[in-house]
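# Remarks on the overall topology
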Amino acid sequence: MKKLHLACLFLGVLILAAACKRDSDFNYYYYEPADYALLSQYLNLPDRPENYQSELPNHLMALGLSVRPVDYDKATLGRVLFYDKKLSKDGTISCASCHKQELAFADNAKVSTGVFGRVGDRNSIALGSVLSFSAYYGTDLFGPSGIPFFWDNRANTASDQNMASMTNPKEMDMSHADIVNAVQAQPYYEPLFRMAYGSNQITEARVSEAIAEFVNGIGSFKSKFDVEAEKALGYNAYSYLEKNNFSGFSAAENRGKLIYLENCASCHSATQSRPEMMKANNGLDATTVDAGVGGITNATDDMAMFKVPLLRNIELTAPYMHDGRFNTLEEVVEHYSTGIQYHPNLSTELRAGGAQAKKMNFSTQDKSDLVAFLKTLTDQELLTDKRYANPFK
Amino acid sequence: MRLLLYFAIPALLLPACSSNRFYTPNTMQIPMLSEKGQATVQVGMAKNKHNSGWEVQGIYSPLSHLGLMVNHFDLHYSGNTYTDFSQFFYETEYKGKTRLTEGAVGGYLQTGPQKEYLISLFGGYGKGRTENRYLPQPDFPGTETYNSSWNYQRWFIQPALGMKYRRFQVGTGLRFVWVDYLNGDINSRVGQTETDRIALLEENSPLALTEIAWSFSWHLRPVVISLNSTAVVRGKNNIRELNLASNFVSLTVGLNLHELRK
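Only a predicted model underlies this, so the values are computations on that prediction, with no experimental measurement involved. (Residues numbered from 1 in each chain as written. Chains lettered and ligands numbered in written order. Predicted model: local features only at pLDDT ≥ 70, side-chain atom pairs only at ≥ 80, totals over all residues. Heavy atoms only, no water.)

### Looking at the overall build of chain B
Across its full length, chain B carries three helices and ten strands. Across chain B, helices and strands are ordered from the amino to the carboxyl terminus as α-β-β-β-β-β-β-β-α-β-β-β-α. Buried residues in chain B amount to 56% of all 262 residues. Sequence-distant contacts, at least 24 apart, represent 68% of the contacts inside chain B between residues at least 6 apart. Total accessible area on chain B is roughly 11400 Å²; 60% of this is exposed by carbon and sulfur atoms. (Helix = DSSP H or I, 4+ residues; strand = E, 2+ residues; numbered from the N terminus. Buried < 20%, exposed > 50% of the residue type's maximum accessible area, 1.4 Å probe, protein only. Contact = heavy atoms within 4.5 Å. Areas by Shrake-Rupley, 256 points an atom, 1.4 Å probe, with all protein chains shown as cover.)

Below you can see the structure in the form of structure tokens.
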């Protein structure tokens, strides 16, 4: 029986040992440790991909916007490609050279400079001017209602667009073979391709798809305007923009909002979600200087017609217009106030009936109010969002 | 005796569940010791569509009323699970294995009018490892095989009751176990859903589980053939979400070494 006591004592000790709580130590990894070590030699990537899916606020969802799914691994690969200067003929230019995050992915030059100091023809389009390239952009998913790319709408999909940039002699000037070779030469792409595609085979189609995925992952919908629209949506679903002063807006911003809705929204969109039309002439010149869409379609009706840009982050993306002719928002507003030129293709919205250009004749107060409103479209988070930042060490 | 049988049959009929990803109980060894010097070694097997496992268990009494026990358990299993890759949900196939080696010390008593009852109380400790492999999903070309694995330790206390009736032996027992997950390496590409489940496991560790076991044996000196069932009686509510196997059924063949010598 003594032994039984001994056994009981042993059991007692056992219970005590089992009862004390130890913390488990589980290590969750996304990349194989060897892959991550290799990546970390060159890149500052998080140890697992970021979420690149745009989760739109309600006031935009209420418009019935659909967003294409974005693959996080491909977008992560695309982010590296977007910032990689090796993807250009002379190794000095990446997409980010002309699309700078701190400027909402615009360039502050009138026209951008590409490889070997070659100067381009047009002003860079701010990728942050758009709500999200995953909403409404590209004819591949959205058919004829999908918005095309570039000032002259010449690219139908995000992939066509980036292939055009990579091969453009005034931008990155790469041949198709150059692209594959440049990517193959960099050791960090092997694991990134494997993660995104399950195989490390590098093709130009994959390079292009991955960049498109990253571009589709860029979204800007956290401006002051969005915050206020979200609040206002609650009490009037249909006319919340016109009817209500936004409580968080200053008096000037609210007045500017009304001027905008009256004079600009019919083209640029009241909600900054998608432009009301694919192309327009806004009266920059009386004669055709740059044919714009007409240069692609050769149709007389399209001459000097350009993409109608969205105006998100417009405060940061000077200079303005396809040729970067205006340096400030005040100059832009002055253009619409008194400077619209009559061109045979001038949009009806900007005509004073017949063959006459409209003069909006804004007062000084109107102009500053309008500019104040345009500045509410700035999304500070976009400028420092680490998901979109340069990953190179 | 008959009453015990009625209780036991449903327990045996429970199929071994296929979701053995995070924990599976080994066969509870129910001591049939009655005197000093007795020793039994048994090997077990379990096999069905999703599982295949083997076990070795030994018990020995160096002194009267005192017993020593060792158990080793090795199980391979496969199945399907729903998880999400990036943001897409899919069903994926997995294969896994788990093993556990443990030792225990305890006491036993023989009572009853014909000394047919064998009461015992054992306590033990062991260490184990589980490795799961999630196979590539053909619909998602980007997927590969992803692994998750962890080491665990287990304490247990088991009061048990054995009964001998001619050539038949029936045993039943309760086992209180604490499964403590020590460290693990989890490839989070198995998807958020799955890593959430694993995190739940980690959070709830040590898991306090109560297990119940039955064994029916046919004693053909010196051989004992047994059918065993060990089931987890789920304690906490959220243990349900933890993907523990509910039940384990095995067939074992034992050799009573002390009967050999005679």
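### Some thoughts on the domain arrangement of chain A
Residues and elements named next belong to chain A. We note that the domain assignment places domain 1 (33-220 + 381-388) and domain 2 (224-380) within chain A. Relative to domain 2, the C-alpha centre of domain 1 lies at a distance of 27 Å. With 40 residues of domain 1 at the contact, the number on the domain 2 side is 33 residues. Buried area between domain 1 and domain 2, both sides added, is near 3000 Å², and the carbon and sulfur share of it is 57%. Looking at the side of domain 1 facing domain 2, the largest losses of area belong to H59, S129 and W151, adding up to 23% of the total buried there. Counting every contact that joins domain 1 to domain 2 gives one salt bridge. The partner of R122 in a salt bridge is D290, with the nearest N and O atoms 2.8 Å apart. At the boundary of domain 1 with domain 2, the tally comes to 18 residue pairs in polar contact (both at pLDDT 80 or more). If you tally residues by element for the side of domain 1 that touches domain 2, the top one is helix α18 (residues 380-384), at four residues. (Domains from an automatic or database assignment. Buried area = accessible area lost by both parts, 1.4 Å probe. Salt bridge = Lys/Arg side-chain N within 4 Å of Asp/Glu carboxyl O. Polar contact = N/O pair within 3.5 Å; in protein donor to acceptor, adjacent residues only side chain to side chain.)

### Considerations on empty space enclosed by the protein
All names here are of chain A. Taken as a whole, this structure holds three cavities of 30 Å³ or more when the rule is applied. Roughly 680 Å³ of internal volume is contained in the largest cavity. Along the walls of the largest cavity sit 43 residues, with H268, N282, P309, M321 and Y336 positioned nearest its centre. Those elements that place two or more of their residues in the lining of the largest cavity are α13 (251-263), α14 (265-268), β3 (306-307), α16 (329-339) and α17 (364-374). If you tally residues by element for the lining of the largest cavity, the top one is α16, at four residues. In terms of residue class, the lining of the largest cavity is built from 29 nonpolar, eleven polar and three charged. When residues are assigned to domains, the lining of the largest cavity turns out to be shared by domain 1 (33-220 + 381-388) and domain 2 (224-380), each giving three or more. Taken as a whole, the second largest cavity spans an internal volume of roughly 60 Å³. Along its surface, the second largest cavity is lined by G219, F221, K222, D379, E381, L382, D385, R387 and Y388. Along the lines of polarity and charge, the residues of the lining of the second largest cavity split into three nonpolar, one polar and five charged. (1 Å grid on protein atoms, 1.4 Å probe; cavity = no way out; pocket = protein on both sides within 12 Å on 5 of 7 lines; lining within 4 Å. Points joined across faces, edges and corners; volume = space filled by probe spheres on them. Nonpolar A, V, L, I, M, F, W, Y, C, P; charged D, E, K, R; others polar.)

### A word on unusual backbone geometry
For the peptide bond that leads from A318 of chain A to P319 of chain A, omega is -5°, which places it in the cis range. Looking at the secondary structure, you find P319 of chain A in the loop between β3 and α16. Cis geometry marks the peptide bond from S205 of chain B to P206 of chain B, where omega comes out at 0°. Locating P206 of chain B in the fold gives a position in the loop between α2 (192-204) and β8 (207-220). One non-glycine residue, N153 of chain A, adopts positive backbone phi at about 60°. Mapped onto the fold, N153 of chain A is located in the loop between α6 (139-142) and α7 (158-167).

### Topic: the nonpolar core
Within the largest apolar cluster, 64 residues are counted, with the highest numbers of intra-cluster contacts made by L77, L81, F82, Y189 and V207 of chain A. Taken together, the elements giving at least two residues each to this core come down to α4 (72-83), α5 (95-98), α7, α8 (176-184), α9 (189-197), α10 (204-217) and α18 of chain A. Considering each element in turn, this core owes the most residues, seven residues, to α4 of chain A. Discounting residues that sit within four places of it in the chain, L81 of chain A has contacts with L87, V183, Y189, V207, A210 and I211 of chain A. Counting residues in hydrophobic clusters, the runner-up holds 34 residues, among them L100, Y108, Y152 and V177 of chain B. (Core = buried A, V, L, I, M, F, W, Y, C linked by side-chain atoms within 4.5 Å.)

### Thoughts on the pattern of salt bridges
Residue and element names in this part refer to chain B. Taken as a whole and assessed by the stated rule, the structure comprises 31 salt bridges over all chains. The shortest N-O distance in the salt bridge between R189 and E144 comes to 3.8 Å. Here the residue R189 occupies a position in the loop between β7 (168-187) and α2, and E144 occupies one in the loop between β5 (117-134) and β6 (146-165), the gap between them amounting to 45 residues. Accessibility expressed as a relative area gives 23% for E144, which makes it partly exposed.

### Focus: the pairing of strand β1 (residues 39-47) of chain B
All names here are of chain B. Sheet analysis places β1 next to strand β2 (residues 51-63), joined by nine bridges and oriented antiparallel. In the strand pairing of β2, M45 is matched with W54. Hairpin geometry of β1 and β2 is characterised by an intervening segment of three residues between the two adjacent antiparallel strands. Sheet topology places β1 next to strand β10 (residues 247-256); six bridges connect them, and they run antiparallel. From the neighbouring strand, T40 faces β10, where its bridge partner is N256. (Pairing = 2+ DSSP bridges.)

### Here we look at the packing of aromatic side chains
Counted according to the given criterion, the structure contains 33 aromatic pairs over all chains. On the basis of an interplanar angle of 55° and a centroid distance of 5.6 Å, the ring pair of Y137 of chain A and F149 of chain A is categorised as tilted. Highlighted residues: Y137 of chain A in the loop between α5 and α6 and F149 of chain A in the loop between α6 and α7, separated in sequence by twelve residues. By relative accessible area, F149 of chain A is classed as buried at 5%. An angle of 50° between the planes, with centres 6.1 Å apart, marks the rings of F225 of chain A and F246 of chain A as tilted. Remark: F246 of chain A occurs in the loop between α12 (240-243) and α13 and F225 of chain A occurs in helix α11 (residues 224-233); sequence separation between them is 21 residues. For F225 of chain A, a relative accessible area of 1% translates into the label buried. Look at F246 of chain A and you get buried, because its relative accessible area is 2%. Directly above the aromatic system of Y136 of chain A lies the positively charged group of R274 of chain A, at a separation of 4.4 Å from the ring centroid. For the cation-ring pair, R175 of chain B lies above F156 of chain B, with the distance from its terminal atom to the ring centre recorded as 5.9 Å. (Phe/Tyr/Trp six-rings, centres within 6.5 Å; stacked < 30°, edge-to-face > 60°. Lys NZ or Arg CZ within 6 Å of the ring centre and 35° of its normal.)

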